[in-house]
Amino acid sequence: MTQNSMTGPPAQADAQQEERGRVAQSPHSSPQDPQGPWWENLWRAVVTAGCTVCVCVFSQIAGVWILYMCNGYEAFPAAHKVLDLMQYLLTPLGAYNSVEETSPSLQKELWRMESLCPLLATVFLGIVILGIGILYCLRTIAPGIPAFPDDRRQSMSRQPSFTYSEWTDGKQEDFFDLNPVPETPVFDCFMDMKPEADPATLTVKPVGLQERRGSNVSLTLDMCTPGSTESYGCMLSPREQSAREYLQRATNVLTAAELHERAMDSFTLQAEFFETPMNFVDPKEYNIPGVVRKNRYKTILPNTHSRVCLKATDEDDFLSTYINANYIRGYGGQEKVYIATQGPTVNTVSDFWRMVWQEKSPIIVMITNIEEKNEKCTEYWPEDSVTYEGIEMTVNQVIQADDYSLRLITLKSEGEERGLRHYWYTSWPDQKTPDKAPPLLELVQEVEEAQEQAPPGSGPVIVHCSAGIGRTGCFIATTIGCKQLKNEGVVDILKTTCQLRLDRGGMIQTSEQYQFVHHVLSLYEKQLSHPTEE
């Protein structure tokens, strides 16, 4: 497979000259209207409006006719009823010479329930059609106006659902004597961002599932070795390159005092959060038949360079190697410390347990309920015992705590037996934050101790919520931050967030969650500085 370099500055200059030539050839075209002259847009808007009115009128006539038939009339009597109704409605507008042509019985029948309901239904349908027509007329006149918002689970700013005073009990009240009006640490979010990248330095490399932007020629799929990760090599646009450089270089080390001040400064934290690129994956990169059945959300996809590849008997079958999961680096950049994944669906339960066995994971952390308005995760563990893909699992014990439960599970396959700890944290709503931090800190510390006591050769800790980016990102960021505070006395939450998003796009999904991570680590630092006496 050949590697092709991008065109350099000479080609760029030719493109600029060609663009100037096109502008010179059409001096009357408006630079603000990429779709053509204004009169063409106006003509299209008039045609669209006419078609909309015709469709609206036809839909009302057909709708009333069908509903009259549903009320017991035959086809021709129903059509006669529709004509009588139209005659009655058009009479006040002067369409007919005399109101006397409409019989009193028809007026009386019109306002009966069987006639009033079809009338209201067709009026409502007409309003909907007119609304859609007006929307598309506006889009025709002003093409830059989007019709519908993006359906990706993007980050959103909302007021925090937690308060700092709710997190502690009476024994820890003396820890929180922070200044209510702290000074905001100065931090330049743009210090590492570059507006443009040098196109001459970018190259196209044959990586799996990457497609060249602006071209319909796809790169050949490079099936990765099961259990490995793919390289970063892919052709990036200047905007993507700038975002990648920011995620690789952004840093803001906070001392203990700065951490406490920053945790109370929601405005600065929101600004810092929205300046950090999310690094989502373009769904076109997974334009492979059948992949959609293995994703819980169609726009939350694993970044290709770090995705987990399952072992399969047929290595050419991409679907048998695919799972929506990524390897996540831990404290100090240590590779494959965690696996962030979506909540298993009915179609992916077997794939999930294949991943657990393949990666030799000793711990699973589940941070979601089964249902929260709709299904967030299927119940993929057994009540007693079950077998998936030749892996026999048995639940030996269930330990119930206040905010989470622990299941001790035994896995057996091909004569080998392993232990698995399944933590299920249920006090964290989707795209929001818990009301209290101490239970989460207890879970983080217990998982850390269990990971240290795991048998030699154990694999990554698997963490998942529903989409595998919001609550999952917060838990992993909190764990890394606690280790950094304990070992170094300082914490760099911005760098940790960027590291997580390089491995899996969208980690820490909302600004509220980003603030929550700062608050939890501020509480943890207080506990380190003032340990509670037994």
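Small disclaimer: the values here were computed from a predicted structure and weren't measured.

Q: Please give an account of the overall build of the protein that cites residues and values.
A: Scanning the protein for helices and strands turns up 14 helices and 11 strands. Sequence separation of at least 24 residues holds for 70% of the intrachain contacts in the protein that already meet a minimum separation of 6.

Q: Residue-level account of the nonpolar core, with values.
A: V365, F475 and I476 are the most contacted members of the largest nonpolar core, which has 56 residues in total. Once you skip the residues sitting within four places of it in the chain, V365 turns out to touch Y423, L443, V447, V461, I462, V463, H464 and F475. Within the second largest apolar cluster, 25 residues are counted, among which are L310, M393, I409 and L420.

Q: Tell me about the sheet that holds strand β9 (residues 404–413), and name the residues and values.
A: Strands in a sheet are paired, the pairing made by backbone hydrogen bonds, and the direction either parallel or antiparallel. Across the sheet, which stays open at both edges, the 9 strands sit in the order β1-β2-β3-β11-β4-β10-β9-β8-β7 with mixed pairing between neighbours. Edge positions in the sheet fall to β1 (307–309) and β7 (385–388), since each has one partner strand and no second. Each adjacent strand pair in this sheet contributes to an overall mean axis angle of 30°, direction not counted. Where β7 and strand β8 (residues 391–400) come together, 4 bridges link them in antiparallel fashion. In the sheet register, T387 faces β8, and the bridge partner there is E392.

Q: Describe in detail the UniProt feature "active site" (unreviewed entry) in the protein, supporting the description with residues and values.
A: The UniProt entry lists C465 under the feature "active site" (unreviewed entry), expressed in the numbering used here. Position of C465 relative to the elements: it lies in the loop between β11 (461–464) and α12 (470–488). Classification of C465 as buried rests on a relative accessible area of 4%. Not counting residues up to four positions away in its chain, the partners in contact with C465 are T341, Q342, G343, I367, T368, K376, G470, R471 and T472.

Q: Give me the lowdown on the environment of A243, citing residues and values where you can.
A: Examined against the element boundaries, A243 turns out to sit in helix α6 (residues 238–249). A243 gets classed as partly exposed once you look at its relative accessible area, which sits at 23%. Each C-alpha atom of the pair A243 and N279 lies 7.6 Å from the other, and the pair is 36 residues apart in sequence.

Q: I'd like a rundown of the state of the cysteines, residues and numbers included.
A: If you walk through the whole model with that rule in mind, you get 0 disulfides. Here C54 is not disulfide-linked; the sulfur of C51 is the nearest cysteine sulfur, at 6.5 Å. C54 sits in the exposed class, given a relative accessible area of 55%.

Q: How would you summarise helix α10 (residues 349–358) if you had to cite specific residues and measurements?
A: Of all 10 residues in α10, 9 are buried, a share of seventy percent or more. Listed as buried for α10 are V349, D351, F352, W353, R354, M355, V356, W357 and Q358. Two residues or fewer after α10 comes K360, characterised by a positive phi angle close to 55°.

Q: Talk me through the side chain of S466; I want residue IDs and the actual numbers.
A: With respect to the secondary-structure elements, S466 resides in the loop between β11 and α12. Judged by relative accessible area, which is 0%, S466 ranks as buried. Of note is the side chain of S466, whose polar atom sits 2.8 Å from the side chain of Y297. Polar contacts involving the side chain of S466 include one to the main-chain carbonyl oxygen of K376, which spans 3.1 Å.

Conventions we followed
- Residues numbered from 1 in each chain as written.
- Predicted model: local features only at pLDDT ≥ 70, side-chain atom pairs only at ≥ 80, totals over all residues.
- Heavy atoms only, no water.
- Helix = DSSP H or I, 4+ residues; strand = E, 2+ residues; numbered from the N terminus.
- Contact = heavy atoms within 4.5 Å.
- Core = buried A, V, L, I, M, F, W, Y, C linked by side-chain atoms within 4.5 Å.
- Buried < 20%, exposed > 50% of the residue type's maximum accessible area, 1.4 Å probe, protein only.
- Pairing = 2+ DSSP bridges.
- Axes fitted to C-alpha atoms, helices over the stretch in contact; angles between N-to-C directions.
- UniProt positions renumbered as here; feature names shortened; annotations may be inferred.
- Disulfide = S-S within 2.5 Å.
- Polar contact = N/O pair within 3.5 Å; in protein donor to acceptor, adjacent residues only side chain to side chain.

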